[in-house]
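Here is how the chains run, residue by residue.
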Amino acid sequence: MTPRSSNHNRPEPASVRFRPETSVSVAPKTVPILEVRDLHVAVGENEILDGMNLSVHLGEVHAVMGPNGSGKSTFTNVVAGRPGYTITKGDILFEGESILGMFPDERARKGIFLALQYPVELPGIRNREFLRTALEALREARGETKLAVREFNKFLEEKAKAMDFDPDLMKRNVNEGFSGGEKKRNEILQMSVLDPKLALLDETDSGLDIDALQVVAKGVNEFRGPDKAIVLVTHYQRILNYIKPDYVHVLIDGRIVRSGGSGLAQELEAQGYEWLREPAEESAESVGATARPS
Amino acid sequence: MTQTAEATDRYVRDFDAMREERSEEPLWLRNLRREGFDYFQRMGWPVDEKRDEAWKYTDVRAVARTEFRNPNPPGASLSGGDVSALLPFDEGMSRLVFVDGYYAPEISRILDADNSSVLRLEEAVREEESLVHGHLGQYSAAGHDASVGLNTAFFRDGVFIRADGALSAPVHAVYITSDHADPVVSYPRTLVVAGKHADVTLIETYVSLGQRNHFTDPVTEVALGEGAKVTHYRVLLENTESYMIGHVRPCLGPDSTYKSVIYEAGSGLMRLDLEVLIEGEGAFADLKGLYVTTGKQHLDNLVSIDHAQPHGKSRLYFKGILDDKSRAVFGGTVYVRPGADKTDAYQEDKNMLLSNEAEADSKPSLEIYADDVKCGHGATAGAVADEAIFYLRSRGIDEQTASRLLIKGFASEILDAVGIEPLRVFLEERTASALPRFAGARELAA
């Protein structure tokens, strides 16, 4: 395992549970791990993201919430480099460097991880083989030595145990015949094994019963730390009861229309998203002040 | 007709020459050959696709117009070690090698078999005449199909297995075509008669030594008695300039089990008719296939399972991996005849397209003949591959390794059914090397 270096430039985020919105401007000027700048993304003729801005620093957990079709999944997918999207304007920076020209595997080797909303079944590829091949690629990129098979197995066993993950699922083909909950847990297990700097969780909570949700949340909270950043994309506030975000952003029609502390999630839970929609005629001034966090 | 007069004349001349050369053959066999040749002459090659639905996707005009030569006996150019190097999976098995249709005793070995006989067919016609007479041409009737007719007319030799019990070792039939400047033809014939409760494992391998065009027209008949079990591997590795029109006909007696794995990485233009007859109650046919195509290869597998008796079970699972401009055709038909109650049949064909220009035509049908499924890139198979590639890459695995992992995984569903470990390993390696675009990727973690 990689030893976690603590980042002394950043305040301990756990101490700021309900950070007031003003604290956004208090954030010290370090290079964000992820910076989304005026991002415009289209799928075919359809504009999905329409000028999205977001800054994420190490040690932070951000929740991006929004109704269906607001562009949440598009956002995580373009950060991970999934093909099929056209970036028409803007940029995505990882540790200050544009990643738009990079393939998904290059991004992963830089430290980006996406937990998929719909994890893919891989017939004939065993979970263990898949994880070992991936970990070897990442370790090589990080300049680390190869793990011996025995070491890897032991390491994996510990990780699986921590996630209440049935060890037999390691011998099975990736996600094949897994329940919805097992698939999602498998994503979090992969995150824990591959140890990225930035984890994007795309609706990892959807379709999970409360027990499965707690297991997933436990995995995410154990992963959380001063040298990690998490962006949690969700439709519902429910998971935020278990994973306290430092920031909550509301994405509607491809733009972030409001940002705040975790209290915003509760507001959304109570009031829904409609009140944040920009009226067609009025200018965006009323929400403009909070629409673009610095 | 696209069949040229020259090509037709060649067959006629060769048939006359063969009959003269083999004038000592028993009358029943001479008659069978005549029947086969007459049928072929009447029907010719199926080049009129409007007339013949079964040949809609496969154009055999190139076979029809080429004048193939019956080769002379080859010199001893191969050693037993060469064969072992080429096909390193048959240690401890009987191995019968045929080069250009001629038996090569110096590089063959037949292990002793109790209560059974493993012979070359020419010898079996003399030594086990009544049995051969009773079975040869009974399952693949000469007057049934042009390629079977032609094989029956011309076959020189092949493998014969009679088993009355468990055969002590698998039998490897090696059909080699050596390198010739002009196109040659061979007609391998294989006959397996598995008696009551017999247990036989047969591997048939087809391989070319050169890279030039030739034609192979093989026929294999397998008769399974009550409770018999036959495991049949068929490995096609011929060069990608060659043509094959082949025929396999297993006939299953009561409570017998026929398991086959067909592996096709070779041939430029191939058609294989696998016709299974469930003739006894409670029989089980388990048919698996994997085809791996590149370049301009065109492989067509037409599989039919005829459930003529009740309580039969059949499982058909074929998979294809297609790259470049290659094309694969799969036709699967399950007939359940009146009275064949409690039949349990399932068939599936899955293709993985690695290129936009590859094409898979899949036409599975269960009693209903209207299912005509066309599968192109972006349809089920292609889309699945794209999703999976992204998934693997998003975990840091490069594209080549991701593709290789997927290909290996995709193939494993079929190759895991290969019960002979060295053969399975060999086929896995062949699959990887058949797709050179994906070679040289990161070594996969075991």
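This is a predicted model, so every value here is computed, not measured. Along each chain, residue indices are assigned from 1 in the same order as the chain's sequence is written. Note on labels: chains are lettered from A, ligands numbered from 1, in written order. With pLDDT at 70 or above as the cut-off, local features in this predicted model cover only qualifying residues; side-chain atom pairs require 80 or more to be listed or tallied, and sums for whole chains, interfaces and linings still use all residues.

Participant: Got a minute to help me understand the pairing of strand β4 (residues 158–163) of chain B in this structure?
Facilitator: For a regular strand, the rule is simple: side chains alternate between the two faces of the sheet. Residues and elements named next belong to chain B. Any residue with 12 or fewer other C-beta atoms within 10 Å of its own C-beta is exposed, any with 20 or more is buried, and the rest are partly exposed; the C-beta atoms used are placed from the backbone. Strands are runs of DSSP state E lasting at least two residues, helices are runs of H or I lasting at least four, and both sets are numbered from the N terminus onward. Across the six residues that make up β4, a large majority, six, are buried. At least two DSSP bridges between two strands are needed for those strands to be called paired. Two strands pair when backbone bridges link them, and strand β3 (residues 116–120) and β4 are joined in this way by five bridges, in the antiparallel orientation. Along β4, the bridge assignment pairs Ser 116 with Ala 163. Of the pairings in the sheet, the one linking β4 to strand β7 (residues 189–194) comprises six bridges and is parallel in character. Residue Arg 162 lies in a different strand from β7, and its bridge partner there is Val 193.

Participant: Mind showing me how you'd approach the interface of chain B and chain A here?
Facilitator: It is common to report an interface's size as the accessible area lost on association of the parts. Two residues qualify as being in contact provided that their C-beta atoms, derived from the backbone, are within 7 Å of each other. Contacts between the two partners involve 21 residues from chain B, matched on the other side by 25 residues from chain A. Looking at the side of chain B that touches chain A, the elements with two or more residues in it are α8 (380–393) and α9 (399–415) of chain B. Taken together, the residues that form the side of chain B that touches chain A break down as eight nonpolar, five polar and eight charged. In this classification, Asp, Glu, Lys and Arg are treated as charged, Ala, Val, Leu, Ile, Met, Phe, Trp, Tyr, Cys and Pro as nonpolar, and every other residue, Gly included, as polar.

Participant: I would appreciate a short explanation of the sheet that holds strand β15 (residues 284–293) of chain B in the present structure.
Facilitator: Hydrogen bonds between backbone atoms are what pair the strands of a sheet, whose relative direction is either parallel or antiparallel. All names here are of chain B. Strand order across the open sheet formed by nine strands is β2-β1-β5-β8-β11-β13-β15-β17-β19, with mixed pairing between neighbours. With partners counted over all chains shown, the strands left at the sheet margins are β2 (102–103) and β19 (344–353), one partner each. With six bridges connecting them, strand β1 (residues 94–99) and strand β5 (residues 171–177) associate as parallel partners. The residue of β5 that forms the bridge with Ser 94 is Val 171. The axes used here are C-alpha line fits, helices contributing only the stretch in contact, and every angle between their N-to-C directions lies in the interval 0 to 180 degrees. In the packing of α9 onto the sheet, contacts are made with β13 (257–264), β15, β17 (313–322) and β19, and the angle to β17 comes to roughly 155°.

Participant: Before we go on, may I ask you to explain unusual backbone geometry in this structure?
Facilitator: Excluding glycine, most residues fall at negative phi; most peptide bonds, likewise, are trans. All names here are of chain B. Backbone geometry places Asp 100, a non-glycine residue, at a positive phi of 55°. You can call Asp 100 buried: it has 21 C-beta atoms within 10 Å. In this structure, Ser 267 is a non-glycine residue whose phi angle is positive, near 75°. One can find Ser 267 in the loop between β13 and β14 (269–278).

Participant: How do you make sense of the nonpolar core when you look at a structure like this?
Facilitator: Each nonpolar core comprises buried Ala, Val, Leu, Ile, Met, Phe, Trp, Tyr and Cys residues, the members being joined through C-beta atoms within 7 Å. The biggest cluster of nonpolar side chains holds 211 residues, and the ones touching the most others in it are Leu 200 of chain A together with Ile 161, Val 192 and Ala 194 of chain B. Counting residues per element, this core draws most heavily on α9 of chain B, at eight residues. Apart from the residues lying within four places of it in its own chain, the contact partners of Val 192 of chain B are Ile 161, Val 200, Leu 202, Val 222, Ala 223 and Val 230 of chain B.

That's the geometry; what it means functionally is another story.
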